[in-house]
Every structure is written in C-alpha cells, then in structure tokens.
Amino acid sequence: MDLARLQARIDDVTWYHEFEFGNGLKAKSTTPDVEIHRPMWRFVEEQLDAVDFRGKSVLDIGCWDGYWSFYAERRGARSVLAADDGSQNWSAGQGLHLAKELYGSHIEINQRLSVYDLTSLNRKFDIILFLGVYYHLLDPFYALAQIRHCCHA
C-alpha cells in the first residue's frame, strides 16, 4: 500500500466532513467555514451516540460524503443506504466512493436519488438520517411525505 499515493487521492477530493482512515491518512474539509461546522458535527454525534444502530437498516438522506453513513455502519447497522442527489451539491461525489473503499465498507450508495422520489425505493428502514437537508428543500411537506413512506410503522 503506497500511503503517499492514497493521500494524494484523498487530497484530490472536495470533502465536506473530515475523515481519519487510519495509517495517518486523513481527509480535510474544504468548506470555508469548517470551524463553525465542527461543533455542530460533535453535537450531532453526541445525539446519535444515544441511538442503537445494532442490526438496524439505515437510510442516510443527503449523505454527501457519507460521514454519518459510515458512523451508522461502525455502530453496527445491518445495512446502510447512503443516498444523495448529486445534482444538488458542489461536490462531484467521488469522496463517498473513496471513503467506502478506504474503510472497506459495505454501505450501499445511490447518488441519483432525490428526496422527492424516495417512494421509488419501495423499501422501509428502521432509522432514517436526514441531516443538513431540510433548509435546502423547495417543498418540505412533500419531502417529509416521501420520508414517511420509507419508515416502518
């Protein structure tokens, strides 16, 4: 494994979150206001620490680079669908795939899924993550109705 080559691949990606992949390999956030985001990320993680992911199916809507998808997987989720609408963000989306490779992850990825088309999945999930998406919505009520169709009773 050529660590310098792997780090170069990581550095070529536009990251939103910050990742540590082991062996000194790190992804740095490229968002200009990362200092504002770090306390928010810590807060979200503290809240999610109370959620039992073990054996659960998880849908991560608006996953971006998959930070919370990988978090759920590390916490024992049985399956994770990392979903996003690639036409709606400033990242090319390759970070999610690279992180999956570097983590040796088994998450499922769908980067062509709009929150407005979730019923097309025809699937139900135990846990749905919907982080950092609401304020981007043009039709919040329709989006929430779509999410409802993906929830177990």
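Here, every reference points to the structure presented above.
Cut-offs used in this document
- Residues numbered from 1 in each chain as written.
- Predicted model: local features only at pLDDT ≥ 70, side-chain atom pairs only at ≥ 80, totals over all residues.
- Heavy atoms only, no water.
- Buried < 20%, exposed > 50% of the residue type's maximum accessible area, 1.4 Å probe, protein only.
- Helix = DSSP H or I, 4+ residues; strand = E, 2+ residues; numbered from the N terminus.
- Pairing = 2+ DSSP bridges.
- Right-handed = clockwise from strand over helix to strand, strands pointing away.
- Axes fitted to C-alpha atoms, helices over the stretch in contact; angles between N-to-C directions.
- Phe/Tyr/Trp six-rings, centres within 6.5 Å; stacked < 30°, edge-to-face > 60°.

Q: Report on the pairing of strand β3 (residues 57-61), specifying residues and quantitative values.
A: Put simply, side chains in a regular strand alternate between the two faces of the sheet. With respect to burial, β3 is a largely interior element, five of its five residues being buried. Of the two faces of β3, the one holding Ser 57, Leu 59 and Ile 61 and the one holding Val 58 and Asp 60 are both buried throughout. Bridging between β3 and strand β4 (residues 79-83) involves five bridges; their strand directions are parallel. Looking across to β4, one finds that Leu 59 is bridged to Leu 81. With respect to chirality, the unit in which β3 leads through helix α3 (residues 67-74) into the neighbouring parallel β4 is right-handed. Bridging between β3 and strand β6 (residues 127-130) involves four bridges; their strand directions are parallel. When the sheet's bridge partners are listed, Leu 59 is paired in β6 with Ile 128.

Q: Run through the sheet that holds β4, naming residues and quoting values.
A: Strand order in the open sheet formed by four strands is β5-β4-β3-β6, and the pairing between neighbours is parallel. With partners counted over all chains shown, the strands left at the sheet margins are β5 (108-110) and β6, one partner each. Averaged over all pairs of adjacent strands, the angle between strand axes in this sheet comes to 15°, irrespective of strand direction. With three bridges joining them, β4 and β5 adopt parallel strand pairing. Paired with Ala 82 across the two strands is Ile 109, which belongs to β5.

Q: Can you tell me about the packing of aromatic side chains, naming the residues and giving the values?
A: Counted under the stated rule, the structure contains 14 aromatic pairs. With a centroid separation of 6.3 Å and 75° between ring planes, the pair formed by Phe 19 and Phe 70 is classed as edge-to-face. In this pair, Phe 19 is assigned in strand β1 (residues 19-22) and Phe 70 in helix α3, connecting sequence segments 51 residues apart. In terms of burial, Phe 19 and Phe 70 fall into one category: buried. Summarising the aromatic geometry, the rings of Phe 53 and Tyr 71 are spaced 5.8 Å apart at their centres and angled 85° between planes, so their arrangement reads as edge-to-face. Taken as a pair, Phe 53 in the loop between α2 (34-48) and β3 and Tyr 71 in helix α3 lie far apart in primary sequence, 18 residues in all. Both residues of the pair, Phe 53 and Tyr 71, count as buried.

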